[in-house]
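Read off the chains here:
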Protein chains: 2
Amino acid sequence: MEGLSIVGKSTQNIHALQKVTGKAQFASDLEVPRMLHAKVLRSEHPHALILNIDTSKAEKLSGVRAVITAEDTLKKPVETIWRGIPDKHPIALDKVRYIGEEIAAVAADDELTAEEAVKLIKVEYEELPAVFDPEEAMKPDAPKIHDVEHNIIPGIWRTDAEHGDVEKAFKDADYVFEDRFTTHYSHACNLETTVCIADYDSSGKLIFWENSVDPFRNKPLVAKALGISGTKIRVLQAFKAGGFGHYQMELSQYVITALLAKKSGRPVRFVNSRDEELTATRPRGPLITYLKTGVKKDGILTARSIRLVTALGGYVGFGHIMMATSLLPATGTYRCPNMKLQGVCVYTNTCPTGPSRSFGTKGPQFATESQLDIIADKLGIDPLEFRLKNITRAGDTTVVGQKITSCGLEEGLKKVAEHVDWEEKRKKTPNKGIGLACGMSHGDQREGRFAGSVAYVKVLEDGSIKINSGEFEWGQGSHTLLSMIVAEELDVPLELIEFPHLDTDVAPYTLGPFGSGRITPTAGQAVRLAAIDAKKKLFQFAANMLEANPEDLELADQKIFVKGSEGISVSLADVASKAKLGQKNPEEIIGKGTYDPPTDFINMKMLYGNYSQSYVFTAQAAEVSVDPETGQVTLLAHTAAVDLGKIINPMAAEGQVHGGVATEIGYSLFEKIQMKDGQVLNPSFTDYKFPTALDIPRTKAIFAETECPNGPYGAKGGGSFSGIAANPAIANAVYNAIGVRIKDLPITPEKILEALKHKK
Amino acid sequence: MEGLSIVGKSTQNIHALQKVTGKAQFASDLEVPRMLHAKVLRSEHPHALILNIDTSKAEKLSGVRAVITAEDTLKKPVETIWRGIPDKHPIALDKVRYIGEEIAAVAADDELTAEEAVKLIKVEYEELPAVFDPEEAMKPDAPKIHDVEHNIIPGIWRTDAEHGDVEKAFKDADYVFEDRFTTHYSHACNLETTVCIADYDSSGKLIFWENSVDPFRNKPLVAKALGISGTKIRVLQAFKAGGFGHYQMELSQYVITALLAKKSGRPVRFVNSRDEELTATRPRGPLITYLKTGVKKDGILTARSIRLVTALGGYVGFGHIMMATSLLPATGTYRCPNMKLQGVCVYTNTCPTGPSRSFGTKGPQFATESQLDIIADKLGIDPLEFRLKNITRAGDTTVVGQKITSCGLEEGLKKVAEHVDWEEKRKKTPNKGIGLACGMSHGDQREGRFAGSVAYVKVLEDGSIKINSGEFEWGQGSHTLLSMIVAEELDVPLELIEFPHLDTDVAPYTLGPFGSGRITPTAGQAVRLAAIDAKKKLFQFAANMLEANPEDLELADQKIFVKGSEGISVSLADVASKAKLGQKNPEEIIGKGTYDPPTDFINMKMLYGNYSQSYVFTAQAAEVSVDPETGQVTLLAHTAAVDLGKIINPMAAEGQVHGGVATEIGYSLFEKIQMKDGQVLNPSFTDYKFPTALDIPRTKAIFAETECPNGPYGAKGGGSFSGIAANPAIANAVYNAIGVRIKDLPITPEKILEALKHKK
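The following paragraphs examine the structure supplied in this document. Model, not experiment: these values are computed from the prediction.

Here the focus is the overall build of chain A. Counting its secondary structure elements, chain A contains 20 helices and 28 strands. A compact globule built from 760 residues should have a C-alpha radius of gyration of about 27 Å, and chain A, at 27 Å, falls within 12% of that. Each of the three principal axes of chain A carries a C-alpha extent, and together these read 85 × 70 × 45 Å. Accessible area of chain A: about 26700 Å², with a carbon and sulfur share of 50%. If you average the places of the 87 positive and of the 97 negative side-chain charges in chain A, the two averages end up 2 Å apart.

For the pair of chain copies, the relating operation is a rotation around an axis with a shift along it. Superposition of chain B onto chain A requires a rotation of 180 degrees combined with a translation of 0.0 Å along the rotation axis, giving an RMSD of 0.0 Å. A rotation of that kind, with that shift, is consistent with a two-fold axis. Taken together, the interface assignments show that 100% of the residues at the interface of chain B recur at the interface of chain A, consistent with an identical surface on both copies.

Another aspect to go through is the sheet that holds strand β16 (residues 432-442) of chain A. Residues and elements named next belong to chain A. Strand order in this open sheet of 4 strands is β16-β24-β25-β28, and the pairing throughout is mixed. Edge positions in the sheet fall to β16 and β28 (698-703), since each of these pairs with one other strand and no more. The mean inter-strand angle of the sheet, taken between neighbouring strand axes irrespective of direction, is 15 degrees. With 11 bridges joining them, β16 and strand β24 (residues 615-626) adopt antiparallel strand pairing. Among the inter-strand pairings, S441 is bridged to a residue of β24, identified as V616.

Once that is clear, we can look at the interface of chain B and chain A. On the side of chain A, 39 residues touch chain B, which itself brings 39 residues to the contact. Here chain B packs against chain A, burying approximately 3200 Å² in sum over the two surfaces, 49% of which is carbon and sulfur. By the criterion of area lost to chain A, the three top residues of chain B are B:S202, B:T231 and B:K584, representing 17% of everything that side buries. The interface formed by chain B and chain A contains 4 salt bridges. Where A:K466 meets B:D505, a salt bridge forms, and the shortest distance between an N and an O atom there is 2.8 Å. Where chain B meets chain A, there are 16 residue pairs in polar contact (both at pLDDT 80 or more). At 3 residues, the largest contribution of residues to the side of chain B that touches chain A is made by helix α17 (residues 572-581) of chain B. The residue inventory of the side of chain B that touches chain A, partitioned by class, reads 12 nonpolar, 10 polar and 17 charged.

Moving on to the pairing of strand β13 (residues 287-295) of chain A. Residues and elements named next belong to chain A. Of all 9 residues making up β13, 7 are buried, and the element is well covered by its neighbours. Here 9 bridges tie strand β8 (residues 175-183) to β13, and the two strands are oriented antiparallel to one another. Bridge pairing in β13 places Y175 opposite V295. Between β13 and strand β14 (residues 301-313), which pair antiparallel one after the other, the connecting turn spans 5 residues, and G299 there sits at a positive phi close to 90 degrees.

Residues and elements named next belong to chain A. Across the 12 residues of β24, 12 count as buried, placing the element largely inside the fold. Alternating positions in β24 separate into two faces, Y615, F617, A619, A621, E623 and S625 on one and V616, T618, Q620, A622, V624 and V626 on the other, with burial throughout. Where β24 lies against strand β25 (residues 633-643), 10 bridges are found, and the strand directions are antiparallel. Directly across from A621, in β25, lies its bridge partner T639.

This part takes up the pattern of salt bridges. Counting across every chain of the model gives 85 salt bridges over all chains. A salt bridge links A:R335 to A:D396; the nearest nitrogen and oxygen atoms lie 2.7 Å apart. Of this pair, A:R335 sits in the loop between α10 (329-332) and β15 (338-347) while A:D396 sits in the loop between α12 (383-390) and α13 (409-420), placing them 61 residues apart in sequence. A:E498 is the partner of B:K205 in a salt bridge, and the nearest nitrogen-oxygen pair spans 2.7 Å. Residue B:K205 is located in the loop between β9 (195-200) and β10 (206-210), and its partner A:E498 is located in strand β19 (residues 497-498); the two belong to separate chains. Each of the two residues, B:K205 as well as A:E498, counts as buried. What you see here is one network of salt bridges that share partners, running through B:K39, B:R42, B:K88, B:E102, B:E111, B:E250, B:R269, B:E276 and B:R282.

Another point: the packing of aromatic side chains. Inspection of every chain in the model, using the stated rule, returns 16 aromatic pairs over all chains. The interplanar angle of 70 degrees and the centroid separation of 5.7 Å between the aromatic rings of A:F216 and A:Y509 together place this pair among those described as edge-to-face. With A:F216 in helix α6 (residues 215-226) and A:Y509 in the loop between β19 and α16 (519-546), this residue pair connects regions lying 293 residues apart in the sequence. Taking the ring centre of A:F670 as reference, the NZ or CZ of A:K689 above it sits at 4.9 Å. One Lys or Arg, B:K262, reaches over the ring of B:Y200 and ends 4.6 Å from the middle of that ring.

By size, the foremost hydrophobic cluster in this structure holds 142 residues, and its most contacted members are B:F208, B:L260, B:V734, B:I747 and B:I752. With 8 residues, strand β24 (residues 615-626) of chain B is the single largest residue contributor to this core. With residues up to four places along the chain from it excluded, the contact list for B:L260 reads B:A38, B:A66, B:I68, B:A105, B:V106, B:A107, B:G265 and B:V268. By size, the runner-up hydrophobic cluster in this structure holds 141 residues, among which are A:V131, A:L287, A:L291 and A:A330.

Bringing the side chain of B:R217 into the picture now. All names here are of chain B. Within the secondary structure layout, R217 lies in helix α6 (residues 215-226). Overall, R217 belongs to the buried group, its relative accessible area being 7%. At a separation of 2.7 Å, a polar atom in the side chain of R217 contacts the side chain of D214.

A few words now on α17(B). Residue and element names in this part refer to chain B. For α17, the full list of buried residues reads L572, A573, V575, A576, A579 and K580. One side of α17 holds all its buried residues, which, seen down the axis, span an arc of 165 degrees. Close packing links the buried residues of α17 with β17 (453-459), α16 (519-546), β20 (553-556), β21 (559-562), β22 (565-571) and β23 (589-595).

All names here are of chain A. Read across the sheet, 4 strands follow the order β19-β18-β17-β23 without closing on themselves; strand pairing throughout is mixed. Each edge of the sheet is formed by a strand with only one pairing partner; in this case those strands are β19 and β23 (589-595). Relative to β23, strand β17 (residues 453-459) runs antiparallel, the two being bridged by 7 bridges. Bridge pairing in β23 links V457 to G591. Contacts between helix α15 (residues 478-490) and the sheet are confined to β17, β18 (465-469) and β19, with β18 contributing the most and set at about 135 degrees to the helix. Helix-sheet contacts for α16 involve β17, β18 and β23, and the interaxial angle to β23 is about 145 degrees.

Attention now moves to the environment of A:A548. Residue and element names in this part refer to chain A. Looking at where A548 falls in the secondary structure, it is placed in the loop between α16 and β20 (553-556). Separated by 457 residues in the primary sequence, A548 and I91 place their C-alpha atoms 65 Å from one another. Once residues lying within four places of it in the same chain are set aside, the contact partners of A548 are A543, L553 and V562.

Residues and elements named next belong to chain A. Of the consecutive residues L745 and P746, the connecting peptide bond is found in the cis state with omega at -10 degrees. Non-glycine residue R34 carries a positive phi angle of around 70 degrees. Given the relative accessible area of 51%, R34 is considered exposed. The backbone of D557 sits at a positive phi, close to 50 degrees, despite the residue not being glycine. With respect to the element layout, D557 can be found in the loop between β20 and β21 (559-562).

So, on to α16(B). Its 28 residues place the ends of α16(B) 37 Å apart at the C-alpha level, agreeing with the 40 Å of an ideal helix rising 1.5 Å per residue. Phi turns positive, to about 50 degrees, at B:E547, one or two residues after α16(B).

Residues and elements named next belong to chain B. Where helix α18 (residues 650-669) contacts helix α19 (residues 726-738), the two axes come as close as 8 Å, and the packing angle between them is 50 degrees. Overall, the two elements α18 and α19 adopt an arrangement that is oblique. As for how α18 packs across α19, the hand of that crossing is right-handed. Side by side, α18 and α19 meet where E664, I665, Y667, S668 and L669 of the first sit next to A726, N727 and I730 of the second. Within the contact of α18 with α19, the residues separate by chemical class into 5 nonpolar, 2 polar and 1 charged.

What counts and how
Residues numbered from 1 in each chain as written. Chains lettered and ligands numbered in written order. Predicted model: local features only at pLDDT ≥ 70, side-chain atom pairs only at ≥ 80, totals over all residues. Heavy atoms only, no water. Helix = DSSP H or I, 4+ residues; strand = E, 2+ residues; numbered from the N terminus. Rg over C-alpha atoms; globule rule 2.2 N^0.38 Å. Areas by Shrake-Rupley, 256 points an atom, 1.4 Å probe, with all protein chains shown as cover. Lys, Arg positive; Asp, Glu negative; His and termini not counted. Charge placed at Lys NZ, Arg CZ, Asp CG, Glu CD. Least-squares fit on C-alpha atoms with pLDDT ≥ 70 in both. Contact = heavy atoms within 4.5 Å. Pairing = 2+ DSSP bridges. Axes fitted to C-alpha atoms, helices over the stretch in contact; angles between N-to-C directions. Buried area = accessible area lost by both parts, 1.4 Å probe. Salt bridge = Lys/Arg side-chain N within 4 Å of Asp/Glu carboxyl O. Polar contact = N/O pair within 3.5 Å; in protein donor to acceptor, adjacent residues only side chain to side chain. Nonpolar A, V, L, I, M, F, W, Y, C, P; charged D, E, K, R; others polar. Buried < 20%, exposed > 50% of the residue type's maximum accessible area, 1.4 Å probe, protein only. Phe/Tyr/Trp six-rings, centres within 6.5 Å; stacked < 30°, edge-to-face > 60°. Lys NZ or Arg CZ within 6 Å of the ring centre and 35° of its normal. Core = buried A, V, L, I, M, F, W, Y, C linked by side-chain atoms within 4.5 Å. Arc of directions from axis to C-beta. Expected span 1.5 Å × (residues − 1). Parallel < 35°, antiparallel > 145°, perpendicular 65-115°, else oblique. Left-handed = near helix turned anticlockwise from the far one by under 90°.

By themselves, these are just geometric observations and shouldn't be taken as functional.
Rendered as structure tokens:
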């Protein structure tokens, strides 16, 4: 784009200095005077009735200030955003459904005392038979977890949609392929565990300092669970150590902390240990993907049926959204006119699942991209050529209604192929292989009537700029990006822009940065419009001061002047001061921007709708070597081309690609929550293997820039989506290296050795 | 006023519960994690050169985190509001001019260590001759404190104005009276001493928690003294234990605390001991009033000359404003066409003075009202009748330009006379007496181009209301009063109104509640207009929802309905929710109110202008008995009629009258800062006698309600002005009791015995 001075240039994160110097205060760094420490007694059984809870010994322990059980709650389940099923109580009422469920909580002078007190609470259980696997749970004789048939969650949780004539298309296909793929439990592994501090101020207002990712929507729900109005809660955010969707859903900690604060009359701090975090806070759930694909001899896809089964754990939350965001993106990468989409959400006696790094998209995209290579192999078509034949292109409306206004898939595939020297690398080298995969995700997601962003841009009396937006920073660089947009529009240096941390009492309502990339397209537009509006107001005032028409004015270097006569000017500071203090009716120069993306709320029954204003695409190539003796996969290189539309901050976008790919490498090869009978076996970073720099090969990020008509400057969202193609690319590379197809992630040495044994 | 449901009814302070339960957090209750404690090394000499400061020992003391001297400052004097003379450095640079002046400061882990460190700082002084009395200081051979002639502060600090032809009027008068009256140093004695906590957040923004009374205007000045922009400072206010103007002026503590925070990298808390507060924070200054009055035989005042001399101490600040507010109100109580007004501000080696409970008004009003009784006595006219002959009346423009749009003086005098049974009581009873006095003050005071208030009233999605105003509460009940006005206009119960403590980053700019009563008339109008604007916006939205015209709507019981069809309605909550979340372009229902009073900035040279939108009046009667053996004055009863316009909250207004009278009783009879050679001799509440409940007689407050055309519902300001007539009323009662005239406050037993001796 022409004439941009900041947008499009690699820009250092505005918080970089604060973070590297250790000055940045994260939620877990915060202290509030007189603060108590909370600890939760969690269920040790996956399925049991609670017969009795005796808290008397805990209450008597010196230093204990409050003990609560379900008796202290409203005894109602907490509602969730996205109109989820409210089936989980903040503290278990009479039954526990997974190991780690909250049974009681303590606030004490220090953490150790709280922990000791928790151990003194005696719970009488009646153990119930439990079930952990979703397909087991659907069997007629399985233990019943909630009052639903076969543990299958009914209503919109049960997806069954068809577009085109799938039956006929399968009949007419030259080949039909059927495979079963499985993905596993993993955890977002935010470096900071769940933290919140609750305090009632003297007027009775409840203040939370916390690190959630959705305060505006969660606030009224927490309030409801406490029996107060949402306006009586104020959420203050500090720095956040990553979002990844993880904290979006669980609300029990807020209710518990607030109840403890109320009961003790003191501020209370809640922080999960890593053990609790990995055991009892919503992991990414497992997905079983039954994939059936019909294809013509020439390699054109004609029919597809995707059936997903997932364990949602002991409680649902908004698993239906997960199901939709699993099925929908999997349908958009390639053209295919006939599509059957089924999803089953099942109760199991495991920790309830939740959003975690590109939500549901991983399983189905692993399945479809793996199967594409199976098909290409069978048809004898090169996987690159096969993909290029079928990919979605700009101008398409996909079979599920996604309107593809821009698509960099072809460019991405070609750039990746060129960068890796695809033809050369595909030539057989023993135990070395290269694999290709594509992926697609949405840049936002519609919710309710207003799914947009509101921002205010204020010009202060010294000419500096203050952004008031409800969009929050969780470390992904959103404040930097939004500040860049304002700096661009008002031609001020980034240092003059202040973007305070979120205070829900001050900032305008927003949906928040969920959905792998709402910030850039939606919040970006809102701040851009706000800056433009502020500029208009500046010009109106300056026109009076300069005795000119607003249309004749220009802004540069923090000065406003009449075009062609740069000599006579007023500074932004002059204008803002004059407006605020120099007139009878003081005004502040505040621009307002509102942007609601032109999207549809998904029809959950039909699974149809243009739910995102833009769709992002990726094409990736993984290069591996596999040791046939040990089954060890070594990643040699990884190349990821992404179409994020116009790139606003290349440095940050590249970082997002690297981060997305890195975590997916872990998910592909080793990262997994190990469970036995509902008990997490590796709830620590010693046993839960998370990828570190040592596990990541040379990774190349390529931007296949397109211009999105909806986004600011043509930009789309980024988010952690960029990893979604890495899993199947690695699986395809492994197949290319040693000829075994692993359909169950992670691709461990054991599975490879086992597969090699069968192959022989 | 008809149809008012809340305004005019005694209403409990909205903070009452928080305060009586001890939950309210005052600035001195606040803690910030990792906070250090500051202590200041203060000058022990009234006038000396600083030759050397050795901080090395202090720096080495364990627990000391930072030590600063003038070397750490910008070495420039701090500017003050009201365009005062910037002559005082935040830390003395090379010379000290009063005992208590800041020389160095320390931040340490605890207060004791800080105190110990302060003692370890060695200062080498060269003592200079000092002068303490203003009339001494004006003599040619007096020590020179600053580089000005005769220690007289030149420019607008030297008032010399004349209205009418004073010379001629004195010639034409039948009698001319000349007297000299003196008033003394006293202290506002806020229950909380000066407190502030400074902290730099990780972005470098400087946050102050403090208890000043003028954060909006002081912020940019403190910023300047620190070399940063005012937008880089955020002031957060907690509860405040009284204002009384006291904290308005001194800024050194902010600069010192911020510098210590910067140097130590930690939050720093500054709190004065009572000793420091009484020694080194701006007391009310002493005033010498030379009063000359010409009067006709029939008792009509024709000419007056008032000459004031005051010691401003070592530094000026905005003493010129004190001089104007001393001279102007003294001219408005009675009609008098010829008036000479002179004021001289003099440097002395004493603590700089500042505003304190009705600022400068006490001295001149004590003089004029005492002299009125002297004249009445001479002329043989009853003091009540004499006053009624001369009082100002509604419709007058006084000789100094005050536009009297309403005046309850006549009603007040008559009501007081009736209540005390004046004629009966004036009959001679040995050693018992009754005295009368009137007083006048302004309800606000103009400063700069905008001297008004801006307020926002927001309707939240649950139908509750939030007020955003920069006007702050210091305990006088302003938040209650402003909430009452909003409750009145929007017909909601007071409990549904939230009025957060001041946050300068959030609230709109305001001048603040200085000047004995800006809140009610000015801020009251702003919130009223904001509520009316919010109602208009509610009606616009509701009209769409109800398919009606906004003009046909009515609001009651938090519902909006079409007049005459109460059955069909929408609640405020419905309307606000729909506006915020239910439409494409979300809006919040925010009403804005701006009110700039129709006043003039005083012409300081001419001392002419209508500087306040309304003037408040009081008539008071004191009843005393005097023991001729001991000289002890006992107050038997006090009656105060006040014209505050329409009374919005009678309970609160009555409280203000009681408080104002109580403190003036102290000032009349015993309260005084005792000084010797510039050293305060009684810097503790043990030795500084402040009135307690035991010192206060039965006090009756009477409202002589008028309707002010400018104020909300006809209200004027209140403030602590109501005491100004108590001093001369007591002096007049003493004269009435035993026939001695004390012209020098306080009226101590010693002075009475001395006067009785001379009388004999």
